[in-house]
Amino acid sequence: MKGLSAGINMNKKESIRNHAIKVIAREGFYRAKVKDIAEEAGIAAGTVYLYFSSKEDILDYIFLVEHQRRADFVNRLYIKNTPIDIVIESFIKFNYDCFREEPETANVLYRELITVSSLKNQKSKSVMGEVYKSFYKILKQEKENGKIREDIDIEVMSPLIINFLRNSSYNILAQYKSVDYEHMKENLKRLVLHGIMK
């Protein structure tokens, strides 16, 4: 019975997150209110507080879930010993597909990145660190195999490349309604690879 209760709680928490994305995408974080999120979800505002301590906590959770998706994805690529060119291409496609399929989520992630970065006790930040670590391991492996230039500081470049690719996907989808995806993907991939490869 305890497992069933945990599943119901997680479903409710996810429901609140999904409805919060809609409200924040529509209103912006600062204009959105917990009562608006509760109304969107069809629950009492007090129920929201059973799962989240504040509106900031909800925003952090939205980012935490999205960062965890990316951490899991990049870690799978690392475990499979995926070559760097395929990693770059796959990460571009992963972000582009996520944002194309979930435009409201893309809107929140793009518009509220600075807001979430300023939060105290930010849980999502440590998960994004996992993305950087996995990508660092991939770059390190490729550098040891002689594919990455010796003068490239992979510790510095890991988060820069990940953020560049992620933010480029946000920007392209937000700015350009009709984009040749294959052309965009090739250009981003080439830009990164020409900068780091031998």
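1. Remarks on the packing of helix α4 (residues 55-79) against helix α8 (residues 124-144)
- One way to put it is that α4 packs onto α8 with a least axis distance of 8 Å and a crossing angle of 20 degrees. Judged by the angle between their axes, α4 and α8 are roughly parallel. Crossing angle aside, the handedness with which α4 passes α8 is left-handed. In this structure, α4 uses D60, F63, L64, H67, Q68, R70, A71, V74, N75, L77 and Y78 to contact α8, whose residues at the interface are S124, V127, M128, E130, V131, S134, F135, K137, I138 and Q141.
- Here the contact of α4 with α8 is built from residues that sort into 11 nonpolar, 6 polar and 4 charged.

2. Some details on the side chain of R166
- Mapped onto the secondary structure, R166 falls in helix α9 (residues 154-175).
- Here R166 sits buried without a salt bridge, and the closest side chain of opposite charge, E66, lies 9.5 Å off (N-O distance).
- In terms of polar contacts, R166 uses its side chain to reach the side chain of N167, at 3.5 Å.
- Those residues in contact with R166 that sit more than four places away from it in its chain are H67, R70, F91, N95, F99, L113 and M128.

3. Some words on the nonpolar core
- Counting residues in hydrophobic clusters, the biggest one holds 60 residues, and the most contacted among them are I84, I88 and F135.
- Broken down by element, this core gets its largest block of residues, 10 residues, from α4.
- When sequence neighbours within four positions are dropped, the list of residues in contact with I84 reads F135, I138, L139, E142, L193, I196 and M197.

4. As for the packing of aromatic side chains
- A complete count under the given rule lists 3 aromatic pairs for this structure.
- Ring centres of F29 and Y30 lie 5.3 Å apart, and the angle between their planes is 75 degrees; on these two criteria the pair is classed as edge-to-face.
- It is K55 that lies over the ring of F29; its NZ or CZ is 4.5 Å from the centre.

5. Quick notes on the confidence of the model for the protein chain
- On average, residues of the protein chain carry a pLDDT of 89, and 94% of them reach 70 or more.
- Per-element mean pLDDT across the protein chain ranges from 80 in helix α1 (residues 2-27) up to 96 in helix α2 (residues 34-41).
- Taken as a whole, residues 1-7 scores under 50 in pLDDT and shows 0 contacts with residues more than four places along the chain or in a different chain.

6. Some points on the pattern of salt bridges
- In total, this model carries 17 salt bridges according to the counting rule given.
- One salt bridge in this structure joins E14 and R17, with 3.0 Å as the shortest N-O distance. Pair noted here: E14 and R17 are both in helix α1, with a separation of 3 residues, about one helical turn.
- Residue classification places E14 among the partly exposed residues on the basis of a relative accessible area of 22%.
- Overall, R17 belongs to the buried group, its relative accessible area being 8%.
- Residue E102 is joined to R69 by a salt bridge in which the shortest nitrogen-to-oxygen separation is 3.4 Å. Here E102 is found in the loop between α5 (84-101) and α6 (103-111), whereas its partner R69 is found in helix α4, with 33 residues between them in sequence.
- Judged by relative accessible area, which is 27%, E102 ranks as partly exposed.

Basis of the calculations
Residues numbered from 1 in each chain as written. Predicted model: local features only at pLDDT ≥ 70, side-chain atom pairs only at ≥ 80, totals over all residues. Heavy atoms only, no water. Axes fitted to C-alpha atoms, helices over the stretch in contact; angles between N-to-C directions. Helix = DSSP H or I, 4+ residues; strand = E, 2+ residues; numbered from the N terminus. Parallel < 35°, antiparallel > 145°, perpendicular 65-115°, else oblique. Left-handed = near helix turned anticlockwise from the far one by under 90°. Contact = heavy atoms within 4.5 Å. Nonpolar A, V, L, I, M, F, W, Y, C, P; charged D, E, K, R; others polar. Buried < 20%, exposed > 50% of the residue type's maximum accessible area, 1.4 Å probe, protein only. Lys, Arg positive; Asp, Glu negative; His and termini not counted. Salt bridge = Lys/Arg side-chain N within 4 Å of Asp/Glu carboxyl O. Polar contact = N/O pair within 3.5 Å; in protein donor to acceptor, adjacent residues only side chain to side chain. Core = buried A, V, L, I, M, F, W, Y, C linked by side-chain atoms within 4.5 Å. Phe/Tyr/Trp six-rings, centres within 6.5 Å; stacked < 30°, edge-to-face > 60°. Lys NZ or Arg CZ within 6 Å of the ring centre and 35° of its normal. pLDDT = per-residue confidence, 0-100.

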